[in-house]
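The primary structure of each chain is shown beneath.
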Amino acid sequence: MPGFGLAGEAPLGSLGRMVAGNSPRELRARSAGRVPTIGLVLSGGGSRGIAHIGVIRALLEHGIDPHWVAGTSAGAIVGALFAHGYTPAEMLGFFRVTNPYRLTNVAFGKPGIWDSEKYVPAFRRYFPHDSFEGLKRRLRIVATDLLAGEPRIFESGPLVLPVLASSSVPMVFSPVAIEGRLYGDGGIIDNFPVQLLEDRCDAIIGVHVSPLHEVKVDELGTSLAVLERALDVGMFNKSRANFARCDAVVLPQDVAQYGMFETKKFPEIEVAGYDEAKRQMPEVLRALRAKGVRPLARRKREAAGQTKPTGA
């Protein structure tokens, strides 16, 4: 659905408009003597969340290295991997190795097809410190407190269980118990958590990988297909209201051809994110420059006394 816009606004295309005004972020960005901070918001989207890796790869190639990351569901997993310091290739390797749909992870006596807590050992191999404090970048993720029906933000303490909780899709993965409470997918309440970074970053780049497109009747022939469609519709319509709160939003439309539970097309999904980010990079860079943010490569050239631009 390329070229859509928010109600009463010009079309966004594949990238959100720059936010104008005198918000705390605007005022902070203009403060003298500081290097503006960049935030990266990663939506949920099941297997389509692997497109986040491609977007990150493109951002890093252009010297854009976010200081803060916020994520929901699949975005929480990719966000944690990125915040830890893994390269895009290593992040893609994580998903190849950690197949979420192995029979050994089937849930018994728990609500859900797969037991979320059976993934703890695999996640701890990638996060041996198992703490937010051990990450190289700041990370905030959201999960849904199923008992209270409220979101909970995790940003300190143990890491693995909150990441698993944030990505526990209802009816598919079992809820995760943390401190005596049950948590489920963060996308139930907030699939695009921009507000987690609004008071912490000068410029925010959002990546939304759950595009909404019209489907045919025969595409809704199974219970899983209907569940996936219901999640897509609900999450997209709640998320689009937050697009204008970012300085730039990358929406890889090509990921719509892949299902939330796709397992065989991980490289193609990553490339879809990369290609869209590359296509929209001029707009991303313009949005960042408007906030006084210079890509890392440009700052390094200026520090070395080099003024000739190289495209960054």
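Definitions and cut-offs
- Every chain is numbered independently, its residues counted from 1 as its sequence is written.
- In keeping with the model being predicted, local features are shown solely for residues with a pLDDT of at least 70 and side-chain atom pairs are shown and tallied solely at 80 or more, while totals for entire chains, interfaces and linings include all residues.
- Computation of side-chain values covers all heavy atoms of the structure but excludes hydrogens and water.
- Each residue is assigned to one of three classes by its accessible area relative to the maximum for its type, calculated with a 1.4 Å probe on protein chains only: buried under 20%, partly exposed between the two thresholds, exposed over 50%.
- In DSSP terms, a helix is any run of H or I states spanning at least four residues, a strand is any run of E spanning at least two, and both are numbered starting from the N terminus.
- Pairing between strands requires that DSSP locate at least two bridges from one strand to the other.
- Place the viewer so that the strands point away; then a crossover is right-handed whenever the path from the first strand over the helix to the second strand goes clockwise.
- Here a Phe, Tyr or Trp ring, Trp counted by its six-membered ring, pairs with any other such ring whose centre lies within 6.5 Å, and the pair is stacked when the planes are under 30 degrees apart, edge-to-face when over 60, and tilted otherwise.
- Our definition puts a charge over a ring when NZ of Lys or CZ of Arg is within 6 Å of the ring centre and also within 35 degrees of the ring normal.

What follows concerns the pairing of strand β7 (residues 203-207). Along β7, 5 of the 5 residues are buried, which leaves the element largely enclosed by surrounding structure. Here β7 shows a buried face lined by Ala203, Ile205 and Val207 and a second buried face lined by Ile204 and Gly206. As paired elements, β7 and strand β8 (residues 248-250) share 3 bridges and run parallel to each other. For Ile205, the partnering residue across the bridge sits in β8 and is Ala248. On the question of chirality, the crossover connecting β7 to the parallel β8 by way of helix α7 (residues 223-239) is right-handed.

A few words on unusual backbone geometry. Phi is positive for Asp130, close to 45 degrees, though the residue is something other than glycine. You will see that Met171, though not glycine, has its phi angle at about 75 degrees, which is positive. Position of Met171 relative to the elements: it lies in the loop between α6 (160-166) and β5 (176-178). Owing to a relative accessible area of 62%, Met171 belongs among the exposed residues under this scheme.

This part takes up the packing of aromatic side chains. Tallying each qualifying case throughout the model produces 10 aromatic pairs. Between Tyr86 and Phe127 the ring centres are 6.5 Å apart and the planes differ by 80 degrees, which places this aromatic pair in the edge-to-face class. Pair noted here: Tyr86 is in the loop between α3 (74-84) and α4 (88-97) and Phe127 is in the loop between α5 (120-126) and β3 (138-145), with a separation of 41 residues, a long-range link. Sitting above the plane of the Tyr274 ring, Arg57 keeps its charged end 3.7 Å from the centroid.

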